[in-house]
Amino acid sequence: MKQERTRFQKKGWQELKQIPYGKTKTYGEIAKLIDKPKASRAIGMANHNNSIMILVLCHRVVGADRSLTGYAYGVKIKNFLL
């Protein structure tokens, strides 16, 4: 069964696609860009629900302290991709 994507998720994913190669943004920065400055955890969940990780590069999103945080394939893979 295909999960319905929310408008919030789609807006967040659109911002992920704007992060240039070799750069990162924090969950909070993405939340601010979509006018939801307190929604950094929700951005994390939207990333978690991203089913097209090859096109929507959620590995480029890092924690507020710029640390590598959760990734569906593990932090080692996230580090490798970055």
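Check the entry above for the structure.
Quick look at the structure, then.

Rules used throughout
Residues numbered from 1 in each chain as written. Predicted model: local features only at pLDDT ≥ 70, side-chain atom pairs only at ≥ 80, totals over all residues. Heavy atoms only, no water. Helix = DSSP H or I, 4+ residues; strand = E, 2+ residues; numbered from the N terminus. Buried < 20%, exposed > 50% of the residue type's maximum accessible area, 1.4 Å probe, protein only. Contact = heavy atoms within 4.5 Å. Arc of directions from axis to C-beta. Axes fitted to C-alpha atoms, helices over the stretch in contact; angles between N-to-C directions. Parallel < 35°, antiparallel > 145°, perpendicular 65-115°, else oblique. Nonpolar A, V, L, I, M, F, W, Y, C, P; charged D, E, K, R; others polar.

1. As for the side chain of histidine 59
By the element assignment, histidine 59 lies in the loop between helix H3 (40–48) and strand S2 (61–62). Judged by relative accessible area, histidine 59 falls into the buried class, the value being 7%. Discounting chain neighbours no more than four positions away, the residues touching histidine 59 are Tyr71, Lys78, Leu81 and Leu82.

2. Some thoughts on helix H1 (residues 7–16)
For an α-helix, 3.6 residues make a turn, and residues three or four places apart therefore share a direction. By the burial criterion, the buried members of H1 are Gln9, Gly12, Trp13 and Leu16. Down the axis of H1, the buried set is contained in an arc of 100°. They therefore lie on one face. Packed against the buried residues of H1 are helix H2 (27–33), H3 and S2.

3. Quick notes on the packing of H1 against H3
Two elements in contact, H1 and H3, have axes separated by 9 Å at closest approach and are oriented at 85°. Looking at the two axes, H1 sits roughly perpendicular to H3. Contacts between H1 and H3 involve Phe8, Gln9, Gly12, Trp13 and Leu16 from the former and Ala42, Ile43, Ala46 and Asn47 from the latter. Looking at the contact of H1 with H3 residue by residue, the class counts come to 6 nonpolar, 3 polar and no charged.

Honestly, that's just the spatial picture; any functional story needs more than this.
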